[in-house]
2 protein chains.
Amino acid sequence: MLLSTRTSARGFATTCRALAGSTGPVDSRAVVFAEHGDPTRVLKSHRYRLAKLDKGQVRLRFELGAINPADINVIQGVYPSKPQVREDIGAEPLSIMGNEGVATVEGFEEDGTVEGRLKIGDRVVMGAPQLGTWQSHANLPHASLIPLPSDAELSLRQAATLAINPPTAWRMLSDFIPLNPEHSDAATKGKKKQWVIQNGANSAVGQAVIQLAREWGVGTINLVRDRPSVNELKSYLHSLGADHVLTYDEFLSRENNTRAKVKEWIGRDGEMRLALNCVGGKETAEMAKLMSMDGKLVTYGGMAKTALALPPSLFIFRKLTSTGFWLSNWTQTHPQERQTMMRSLAELVAQGKLKEPETEVVELAGSDAEVAEKMSGVMKRIEEGRGKKILLHWRDE
Amino acid sequence: MLLSTRTSARGFATTCRALAGSTGPVDSRAVVFAEHGDPTRVLKSHRYRLAKLDKGQVRLRFELGAINPADINVIQGVYPSKPQVREDIGAEPLSIMGNEGVATVEGFEEDGTVEGRLKIGDRVVMGAPQLGTWQSHANLPHASLIPLPSDAELSLRQAATLAINPPTAWRMLSDFIPLNPEHSDAATKGKKKQWVIQNGANSAVGQAVIQLAREWGVGTINLVRDRPSVNELKSYLHSLGADHVLTYDEFLSRENNTRAKVKEWIGRDGEMRLALNCVGGKETAEMAKLMSMDGKLVTYGGMAKTALALPPSLFIFRKLTSTGFWLSNWTQTHPQERQTMMRSLAELVAQGKLKEPETEVVELAGSDAEVAEKMSGVMKRIEEGRGKKILLHWRDE
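Residues numbered from 1 in each chain as written. Chains lettered and ligands numbered in written order. Predicted model: local features only at pLDDT ≥ 70, side-chain atom pairs only at ≥ 80, totals over all residues. Heavy atoms only, no water.

1. Regarding the relation of the copies chain A and chain B
Piece 1. By a simple turn and slide, chain A fits onto chain B: the slide is 0.0 Å along the axis, the RMSD is 0.0 Å, and the turn is 180°. Here the symmetry operator amounts to a two-fold rotation axis. When C-alpha distances to the rotation axis are compared across chain A, the minimum falls at A:Ala309, with a value of 2.1 Å. (Least-squares fit on C-alpha atoms with pLDDT ≥ 70 in both.)

Now the structure itself:
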């Protein structure tokens, strides 16, 4: 199996050319739902015959389909973007799950054009939301796919986790306070060292933030949940480049005098104008209070499941801006920039400067009932939280 | 007394020329405090001899000093901007209160330059914060004063209430979603009718918002506290140009189905991308929910005295931006634009298109003890709320 080895895309493409132009009848196996509901109950395994390729479509074989926390909300029906309801793949309308993953191009329509963008054997990630990555094969429009640079050496695990979380981190560090040195006019104005504070720092996005910030010369203050192995976690985040890591309790404790500490860390030569929030609890208001004048608080998640509560004085007198980021919104308006950014991210991964989060591959095989049961267990573990990021792999039949 | 009559600035200047060049020794009477604290207790009346004019200073006689809600916080010491602590006017250090008011130029230093900006008899409002308007006379730097256009017909009450609240309304309608037709490139893009929703709609800022919005072709949805005379208030706000006025209860009641109503009011040809907040209660989150995609919630007050609580999903998926506005911050970076805007505002007032809020003039006279007692009563009434805007007038001795 290819999963655990680092394979060059070029080598991989060579292997796949043996299958070049495979566009004939093939069955796909897919994780689907007919009705929204409890993720441990409504997911089913479904087998369907892929249609003949339409013009501009390519035939894909999925290598890995990633599960993200937002997928839970998609299944529950409370997420603003939903997979297409397919009337053409079964007796009842079905939605194929999966927003992120990596696939290999197996073929395209004989006289179809792919505008020189794709060739057989190319490895691709998804450039549009909710395309259905939790399946073994698919026909998808070539324009919705992002080919990985053929000279970058990426493992499948790296590729499968590249399209959602690292771009979210990249954009949040680039679009509000421009810390990306590629757009450094504003960032270097005044030449103060820039700092970022974030909660949920151990999330996949949080880890990407730490690593991009290190790469771009930006300091980070990172907040994590307390846990039995918290010192281990702190060491790991430091190894990725975190300047400071605190638990929420350490951060909020008055005894610790954290405000004075943070001011000391930032110093007079520094400023902290960006805070990234995927939690939204008490610590978020405190993060906002620690920011310099004219700060941006960017929310990309709400794990605390409460309203975000912030003192009005921060908005009025300290010019705080609270805003949000959702990659799906951004992608719609920046298709070209997305391609460029993905190339840069793939290069950073290939250079060892951007590690993927810890992942676990779950093998899907056997009868539909067996697969459904396995998915129910997977969903249960995800809802309980605290596991590694799960990647689905359909075993060849 | 001039207060209740509309007097042309030109006529007024003529009257004042009789006093031309008066820069000799004069006493000022001022409302001051030595220590921050309870506004009903710490205010004192103080008499001091004005120093000889410095270069660039002008001698002013205050006609009216306005009291704004923020002044309470200044006295309490919880406001970010404070009046200067004066060591030169008494036995102990004293702060002269007052951020807004109207004054007449009585003279300037013989060889001082005022760069052609000011002449004896000009009526001026304050162009910098916390200059001390609750006094009878002052020496102030000419650059901190904004002369009112000499051809605009403004009553003293209109002039005394022109420098803080109408500019706040003007900027909030111009700087976030540019609704001011003078900068209409962005506003007219797409050509949808623009709507604004605001709470505290009966505040002086709220009334200015209603009138500027009408002038600029922008629809308004206005929220007010319920009160015995609410129908009268609604009629008054409608007469200023309000499209819709609702009490908070009407707005939040599920039975009323307000969401559907608001959608109907706005219609398909309209959009509502701006909400103005000086309260910060439950109604604010509801205002935010009713906004179109990419809306701006601008906070300029926090009358509910609680944190502003907003659902994270609005930030993430609906691109809500929550931010704030404080005229003092803006003024520091836009001195020139402030002058231009004040001229435009004065013209609107002179044309009868911008009414001042209801005001009440409080006469200050008699011994220091009598004045202090009067001020204590005034502060008590303001803290109880719901009165007219109060303007202080020092009676000639």
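That was the structure; now back to the text.
2. Quick look at the domain arrangement of chain A
Residue and element names in this part refer to chain A.
Piece 1. When its domains are assigned, chain A resolves into domain 1 (9-162 + 356-394) and domain 2 (166-328).
Piece 2. For domain 1 versus domain 2, the separation of C-alpha centres amounts to 33 Å.
Piece 3. On the side of domain 2, seven residues touch domain 1, which itself brings eight residues to the contact.
Piece 4. A buried area of about 640 Å², summed over both sides, lies between domain 1 and domain 2, and 57% of it is on carbon and sulfur atoms.
Piece 5. On the surface where domain 1 and domain 2 come into contact, there are zero salt bridges.
Piece 6. At the junction of domain 1 and domain 2, the tally comes to one residue pair in polar contact (both at pLDDT 80 or more).
Piece 7. A breakdown of the residues in the side of domain 1 that touches domain 2 according to their chemical character gives five nonpolar, two polar and one charged. (Domains from an automatic or database assignment. Contact = heavy atoms within 4.5 Å. Buried area = accessible area lost by both parts, 1.4 Å probe. Salt bridge = Lys/Arg side-chain N within 4 Å of Asp/Glu carboxyl O. Polar contact = N/O pair within 3.5 Å; in protein donor to acceptor, adjacent residues only side chain to side chain. Nonpolar A, V, L, I, M, F, W, Y, C, P; charged D, E, K, R; others polar.)

3. As for the side chain of B:Arg338
All names here are of chain B.
Piece 1. Summarising the element assignment, Arg338 is placed in helix H14 (residues 335-350).
Piece 2. No salt bridge forms around the buried Arg338; measuring N to O, its nearest opposite-charge neighbour Glu100 is 7.4 Å away.
Piece 3. Here the side chain of Arg338 touches Ala163 through a polar contact of 2.9 Å, landing on its backbone oxygen.
Piece 4. For Arg338, the contacting residues outside a window of four places in its chain are Met126, Gly127, Ile146, Ala163, Leu327, Trp330 and Thr331. (Helix = DSSP H or I, 4+ residues; strand = E, 2+ residues; numbered from the N terminus. Buried < 20%, exposed > 50% of the residue type's maximum accessible area, 1.4 Å probe, protein only. Lys, Arg positive; Asp, Glu negative; His and termini not counted.)

4. Quick notes on the nonpolar core
Piece 1. Within the largest apolar cluster, 132 residues are counted, with the highest numbers of intra-cluster contacts made by A:Leu173, A:Met272, A:Leu276, B:Leu173, B:Met272 and B:Leu276.
Piece 2. With residues up to four places along the chain from it excluded, the contact list for A:Met272 reads A:Trp195, A:Val196, A:Ile197, A:Ile221, A:Val262, A:Ile266, A:Leu290, A:Met291 and A:Ser292. (Core = buried A, V, L, I, M, F, W, Y, C linked by side-chain atoms within 4.5 Å.)

5. Concerning the side chain of A:Lys389
All names here are of chain A.
Piece 1. The topology assignment puts Lys389 in strand E18 (residues 389-394).
Piece 2. By relative accessible area, Lys389 is classed as buried at 10%.
Piece 3. Not counting chain neighbours up to four residues away, the residues in contact with Lys389 comprise Ala66, Ile67, Asn68, Glu100, Thr161, Asn165, Pro357, Glu358, Thr359 and Glu360.

6. Overview of the pattern of salt bridges
Piece 1. By the definition in use, this model includes 36 salt bridges over all chains.
Piece 2. A salt bridge links B:Arg171 to B:Asp175; the shortest N-O distance between them is 2.8 Å.
Piece 3. B:Arg171 gets classed as buried once you look at its relative accessible area, which sits at 6%.
Piece 4. On the basis of relative accessible area, B:Asp175 is assigned to the partly exposed category, the value being 35%.
Piece 5. Residue B:Glu286 pairs with B:Arg259 through a salt bridge whose shortest N-O separation is 2.9 Å. Within this pair, whereas B:Glu286 is found in helix H11 (residues 282-290), its partner B:Arg259 is found in helix H10 (residues 258-266), the two being separated by 27 residues in sequence.
Piece 6. Residue classification places B:Arg259 among the partly exposed positions, given a relative accessible area of 41%.
Piece 7. Ionic contacts of the salt-bridge type, sharing partners, join the residues A:Arg29, A:Arg47, A:Asp368 and A:Glu397 into one network.

7. Thoughts on the interface of chain A and chain B
Piece 1. In this assembly, 26 residues from chain A lie in contact with 26 residues from chain B.
Piece 2. Summing both sides of the interface, chain A and chain B together bury roughly 2000 Å²; the carbon and sulfur share of this comes to 67%.
Piece 3. The largest share of the area that chain A buries against chain B comes from A:Phe315, A:Ile316 and A:Phe317, three residues that together contribute 29% of it.
Piece 4. Remark: the boundary between chain A and chain B carries zero salt bridges.
Piece 5. Seen at the junction of chain A and chain B, the total is five residue pairs in polar contact (both at pLDDT 80 or more).
Piece 6. Mapped onto the side of chain A that touches chain B, the elements with two or more residues apiece are strand E15 (308-310), helix H12 (312-317) and strand E16 (321-324) of chain A.
Piece 7. Across the side of chain A that touches chain B, the residue classes break down as 16 nonpolar, nine polar and one charged.
Piece 8. Sheet analysis places E15(A) next to strand E15 (residues 308-310) of chain B, joined by three bridges and oriented antiparallel. Opposite A:Leu310, over in E15(B), you have B:Leu308 as the bridge partner. (Pairing = 2+ DSSP bridges.)

8. A few points about empty space enclosed by the protein
Piece 1. Under the counting rule described, the total for this entry stands at seven cavities of 30 Å³ or more.
Piece 2. Taken as a whole, the largest cavity spans an internal volume of roughly 100 Å³.
Piece 3. Every residue lining the largest cavity is counted, 14 residues in all, and those nearest its centre are A:Pro166, A:Leu354, A:Lys355, A:Glu356 and A:Pro357.
Piece 4. Put simply, the parts of the chain that give the lining of the largest cavity at least two residues each are helix H5 (165-174) and helix H7 (204-215) of chain A.
Piece 5. Top element by residues in the lining of the largest cavity is H7(A). It accounts for four residues.
Piece 6. Partitioning the lining of the largest cavity into residue classes produces seven nonpolar, five polar and two charged.
Piece 7. The residues that make up the lining of the largest cavity include at least three from each of domain 1 (9-162 + 356-394) and domain 2 (166-328) of chain A.
Piece 8. In this model, the second largest cavity occupies a volume close to 80 Å³.
Piece 9. B:Thr161, B:Pro166, B:Lys355, B:Glu356 and B:Pro357 are, among the 13 residues lining the second largest cavity, the residues nearest its centre.
Piece 10. Of the residues belonging to the lining of the second largest cavity, the class tally is seven nonpolar, four polar and two charged.
Piece 11. Viewed by domain, the lining of the second largest cavity spans two of them, domain 1 (9-162 + 357-394) and domain 2 (166-328) of chain B, each represented by three or more residues. (1 Å grid on protein atoms, 1.4 Å probe; cavity = no way out; pocket = protein on both sides within 12 Å on 5 of 7 lines; lining within 4 Å. Points joined across faces, edges and corners; volume = space filled by probe spheres on them.)

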